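Chains, contacts and geometry: an overview
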Amino acid sequence: MPDRIVSLHVPGRDVLPAYVHALEAGWSPNTVRNVAPEQLAAIASDPDAFIAGLTTRGGTIRLHDGSEVARLPDMIRWIIANDRPEQPFVGSINLRWQEDDAGKPVTELPAHVLGHVGYTILPEHAGRGYASAALAAVLGEARNLGLPFLTITCDAGNTASRRIIEKNGGRFIENFVAPFYGPEERLMYRIDLQS
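Quick notes on the rules
- Residues numbered from 1 in each chain as written.
- Predicted model: local features only at pLDDT ≥ 70, side-chain atom pairs only at ≥ 80, totals over all residues.
- Heavy atoms only, no water.
- Helix = DSSP H or I, 4+ residues; strand = E, 2+ residues; numbered from the N terminus.
- Rg over C-alpha atoms; globule rule 2.2 N^0.38 Å.
- Buried < 20%, exposed > 50% of the residue type's maximum accessible area, 1.4 Å probe, protein only.
- Pairing = 2+ DSSP bridges.
- Salt bridge = Lys/Arg side-chain N within 4 Å of Asp/Glu carboxyl O.
- Core = buried A, V, L, I, M, F, W, Y, C linked by side-chain atoms within 4.5 Å.
- Contact = heavy atoms within 4.5 Å.
- Axes fitted to C-alpha atoms, helices over the stretch in contact; angles between N-to-C directions.
- Polar contact = N/O pair within 3.5 Å; in protein donor to acceptor, adjacent residues only side chain to side chain.

1. Some words on the overall build of the protein
Broken down by element type, the protein carries five helices and eleven strands. Over its C-alpha trace the protein gives a radius of gyration of 16 Å, about what one expects of a compact globule, namely 16 Å for 195 residues. In terms of overall dimensions, the protein has a C-alpha envelope of 40 × 40 × 35 Å along the principal axes. Going through the 195 residues of the protein one by one, you find that 45% of them count as buried.

Below you can see the structure in the form of structure tokens.
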């Protein structure tokens, strides 16, 4: 089964050296803004605080324009390739959502959030099914939260990401431009989670 080729790992000290190696090689877990330099500095300063920042709810995040906003409830997972024991860290995936006044997840997202899911694979591991398997696993987590659907976006020219989304049940919704992120055309998909 394809989703067994990866495990989603809560960020921790055990995988941190491989994560640092990927950052040092120029990879960034953020596809909109290169956060590798600031993450490397944070890890060098206090690795435990860095990990806690990835796994603790609340706080703020800095957007690509430098502004800060409240961090949404989210789940960040490091993608571990089960078929690569010698170099298992292959990328990162996150699931984000908002909550209503009672603390229940809702599907609406603020304008600065392009979708419920973001993922990135190290370039040398692209095209091996890891992103597709990780997305399938995250869809299970979203179902467990009770979300009825997810929206997910990609750059219009990113054929590989489009295939990954469509393979996981993504239904094309619209082309759009998010001025907050620049003039590039993006594609929005919806993945229904409830039968």
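Right, picking up where we left off after that structure.
2. Quick look at the pairing of strand E5 (residues 89–96)
Burial runs high along E5: eight of the eight residues are buried. Two strands pair when backbone bridges link them, and strand E4 (residues 74–81) and E5 are joined in this way by seven bridges, in the antiparallel orientation. The residue of E5 that forms the bridge with Ile79 is Gly91. Pairing geometry for E5 and strand E8 (residues 117–121), over five bridges, is antiparallel. Opposite Asn94, over in E8, you have Gly118 as the bridge partner.

3. Structural notes on the pattern of salt bridges
Under the criterion given, the structure shown has seven salt bridges. The salt bridge partner of Arg57 is Glu99, with a shortest N-O separation of 2.7 Å. Taken together, the positions of Arg57 in the loop between helix H3 (47–55) and strand E2 (60–62) and Glu99 in strand E6 (residues 98–99) put the pair 42 residues apart, joining distant regions of the chain. Assessed through its relative accessible area of 31%, Glu99 is described here as partly exposed. Asp192 serves as the salt-bridge partner of Arg171, at 3.6 Å between the closest nitrogen and oxygen. In this pair, Arg171 sits in strand E10 (residues 171–177) while Asp192 sits in strand E11 (residues 185–192), placing the two residues 21 residues apart along the sequence. Taking the relative accessible area as the measure of exposure, Arg171 reaches 42% and is therefore partly exposed.

4. A look at the nonpolar core
Residues Ile93, Leu95, Val117, Tyr119, Leu135, Leu150 and Ile152 are the most contacted members of the largest nonpolar core, which totals 30 residues. Elements that contribute at least two residues to this core include exactly E4, E5, E8, helix H4 (130–145), strand E9 (149–155), helix H5 (159–167) and E11. It is H4 that provides the largest number of residues to this core, a total of eight residues. Residues in contact with Leu95, not counting those within four places in the same chain, are Pro73, Asp74, Met75, His116, Val117, Val138, Glu141, Ala142, Leu145 and Leu150. In terms of nonpolar packing, the next biggest core, distinct from the first, is built from 17 residues, Ile43, Leu54, Ile80 and Phe89 among them.

5. Describing the sheet that holds strand E1 (residues 6–9)
The sheet built from four strands is open, its strands ordered E1-E4-E5-E8 with antiparallel pairing. Every other strand in the sheet has two partners, leaving E1 and E8 as the edge strands with one partner each. This sheet shows a mean twist of 25° between the axes of neighbouring strands, independent of strand direction. Lying on the sheet, H4 is in contact with E1, E4, E5 and E8; it crosses E5 at an angle near 30°.

6. Some thoughts on the side chain of Arg33
Mapped onto the elements of the fold, Arg33 is located in the loop between helix H1 (16–24) and helix H2 (36–45). Accessibility expressed as a relative area gives 15% for Arg33, which makes it buried. One polar contact links Arg33 to Glu38, side chain to side chain, over a distance of 2.8 Å.

Function cannot be inferred from these measures alone, as they are strictly geometric.
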